[in-house]
Structure formats: C-alpha cells, structure tokens
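Spelled out, the chains give:
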Amino acid sequence: KFDPVKVNGVDFIQIAWPEALLDDDKGFCVGYMMPLIDMNKAVSLDHLMQKAIRKKLNLSEKYAYRVFAAYNVALMVTELHKCGHYIVDLKPSNLYVYKENMLVAVVDCDGFSIKGEKNRYPAEFVSEEYIYPEGMSLSCEEMGEEQDKFALAVIIFKLLNNGIHPFSGVVKKNADSTQSIQERIENYHYAYGMWQDEYQAPHPYSIHSFLPQSTLKLFDRAFVKGQVRPSALEWQIELSNLLKNVKRCKKNPNHVYFTNKGCGLCVAEEKLKSNLRTIKEKNAEPKKIRGFEVNKLSRENLEKDKILHSLSEKKAMQ
C-alpha cells in the first residue's frame, strides 16, 4: 500500500493504485476503486517539459523544480521496483506533477506488470519512443525492469534538457534516410554521449554538456550499447546530489547550474535569441530573383522600368 504524502497538513495522492474490484449486480467486474487524484492541482509531466506550455498553463519556470520532479519520478519507480512491480508503459503522460510542490502522481496503474503472491500479471501496453532497444523483439508481457530503467532515463534526460529526447538530434548529411525516434533507439543512435554518433549530432539548444560528469556517465550507461543501465535507485541518489549542489544563476533567478562551466540555460537562451535575430534580419532583406527585388516585380513597376530603360537608351544614343 502506498500512503499519501502529507505536506503542511494536506494529503497528496502519489499513485492511483487499485484498492478494490467493482462488481455489478451479477458479480461481473466492471472496474476498480482507486484514490482520486485532483487533476485541477496536477498537470501531465509532458506539460512541464516545454517552455511554451509552461507559460500557457502558468507553471513555474524554475529549473530546480524540474530537477525535483525528476527526483520524485525516480523515487516512485524505486519504491515500485522494491515491491517487484514494473510500470512498463512508463512515459510522461502517465505521470502527473502537483503544481505547487512537484510531487509525482502515477496513473494507469492497472496496466502495470504486477507481482502477485503466486503469479506475475504482465503489462499489456508499451509506448514508442520509450521502448528499450533490446525490447523491440519482445512483447510487452515479457518486459520488466530493463524497460522501466530505459524509459526512466529518457524522462530524466528530457526534464534536465529542456524537453529534448535523448535520441533526437540533427541528422548528418551522409545519413541514408531519416529514422523515427524509435528506429534511432533501436540502432543506439545516442548523440549526447562521450563518443560522437555516426547518424546524428546533438540538438543545437541542448545543455547536456553543462551537466556533471557523474550524470552524463549514468546517461551513457542507460543509452550506449553494451552498458549496464542505472537502476531507479541510482538515479534517485544522483538527482538528490544534484539538488544538494545547485548553484544559483546571478543573471536569471529561475536558473540553476551544477558545474564550473556556468549556466547552460543562459547559454542556450542567448544562442536562441541570436539565431532569431539572424532569421529576422535575413527575412528583412529584399528577396531577389535574377537580381531583381521580388516586391518590385509588379506589372506597374515592370512597365515603369521598361519606359525608364527605353528613355535611358535613347539618351545614350543621342
């Protein structure tokens, strides 16, 4: 049983765990009884990852909150694994965070891989972009802790890196074809590790290089072929250490950073602003076709240019 967390006298449900079967008058199961999570106070973890959505929903821009949310996700997965249960369909849309404190609420628990007293009740669903490479040849009924460890690492990477998926990036010019995210996962095309990937380069606004080496090594273990993936407990410990060692950004009170490299969020924002200025300046330049400005290629302007050209020729002849 997972008891609610009490904060300032208020209970926060952290897992919508089925507590009883609901039967109809004929004794047929029609559903489950589960704790009610107040969705007015919580938002999908997906919404926490994108700046535009955070702004729309009036969510805090404090980066430390996203680190704390990542810690709470790792904590919940750790506790479930201690009981022998696996989420399998672990993805941001199945995780909610309370807006006021970033505590995590896990939903869709009836789809977990459950360890019973005598048998295991397998999961029934798993979602693309979160399926571990070795699991591509397996059914979701056969998946367990390895699937959770991979999906958890993906979620943590996205929370720490402004919503960027660890298997997305800039496809290199010599690539044969464009692969989906799940195809890149299957082929281990992780572009943010110690070694360059042959298929893609990191996203231009990624801040992964500003994370501590200890965190980057865990990501390498999670995503590089042949490595032993970190457990949920290892991530819980690592994220706890990050929270204990944050450095406050002097330029932006919403930013924090972890190493002597400085604030990666500030660097990414400056790069974005610079690129937007370049695009704006380029768009402001007159567009030309064969040396003529496009906005001057109207019939009236062409007739006027033709007359002026004719007059110029006559003057030259005279």
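Residues numbered from 1 in each chain as written. Predicted model: local features only at pLDDT ≥ 70, side-chain atom pairs only at ≥ 80, totals over all residues. Heavy atoms only, no water.

Visitor: Please provide a residue-by-residue account of the pairing of strand β3 (residues 20-23), values included.
Guide: As judged from the four bridges shared by β3 and strand β4 (residues 29-33), these two strands associate in the antiparallel manner. Across the sheet, residue Ala20 finds its bridge partner in β4, namely Met33. Connecting the antiparallel pair β3 and β4 is a turn made up of five residues, with Gly27 showing a positive phi of about 90°. (Pairing = 2+ DSSP bridges. Helix = DSSP H or I, 4+ residues; strand = E, 2+ residues; numbered from the N terminus.)

Visitor: Tell me about a negative patch on the surface, and please be specific about residues and values.
Guide: Together, Asp108, Asp110, Glu124, Glu141 and Glu142 line one region of the surface with negative charge. One can find Asp110 in the loop between β7 (104-106) and β8 (114-115). Judged by relative accessible area, which is 45%, Asp110 ranks as partly exposed. (Patch = residues over 30% accessible without salt bridge, like charges linked within 9 Å, V, L, I, M, F, W, Y side chains within 5 Å. Areas by Shrake-Rupley, 256 points an atom, 1.4 Å probe, with all protein chains shown as cover. Salt bridge = Lys/Arg side-chain N within 4 Å of Asp/Glu carboxyl O. Lys, Arg positive; Asp, Glu negative; His and termini not counted. Charge placed at Lys NZ, Arg CZ, Asp CG, Glu CD. Buried < 20%, exposed > 50% of the residue type's maximum accessible area, 1.4 Å probe, protein only.)

Visitor: Kindly report on the pattern of salt bridges, identifying the contributing residues and their values.
Guide: This model, assessed by the stated rule, comprises ten salt bridges. Note that Lys251 and Glu270 form a salt bridge whose closest N and O atoms lie 3.4 Å from each other. Here Lys251, found in the loop between β12 (247-248) and β13 (256-257), pairs with Glu270, found in helix α8 (residues 264-284); they are 19 residues apart in sequence, far enough to count as distant. Connected via shared salt-bridge partners are Glu134, Glu146, Lys149 and Arg229.

Visitor: Can you lay out the packing of aromatic side chains for me, pointing to particular residues and giving the numbers?
Guide: Scanning the model with the defined rule gives 16 aromatic pairs in all. With a centroid separation of 4.9 Å and 75° between ring planes, the pair formed by Phe12 and Tyr98 is classed as edge-to-face. Here Phe12, found in strand β2 (residues 10-12), pairs with Tyr98, found in strand β6 (residues 95-98); they are 86 residues apart in sequence, far enough to count as distant. Each of the two residues, Phe12 as well as Tyr98, counts as buried. With 6.2 Å between their ring centres and 55° between their planes, Tyr63 and Phe258 make a pair best called tilted. Of this pair, Tyr63 sits in helix α3 (residues 63-82) while Phe258 sits in the loop between β13 and α8; the two residues are 195 residues apart in sequence, bridging distant segments of the chain. One exposure class covers both Tyr63 and Phe258, and it is buried. Counting every residue linked through ring pairs, the aromatic cluster contains Phe150, Phe157, Phe167, Tyr190, Tyr192, Phe219, Phe223 and Trp235. (Phe/Tyr/Trp six-rings, centres within 6.5 Å; stacked < 30°, edge-to-face > 60°.)

Note that every value here comes from positions in space, so none of it alone points to a role or purpose.
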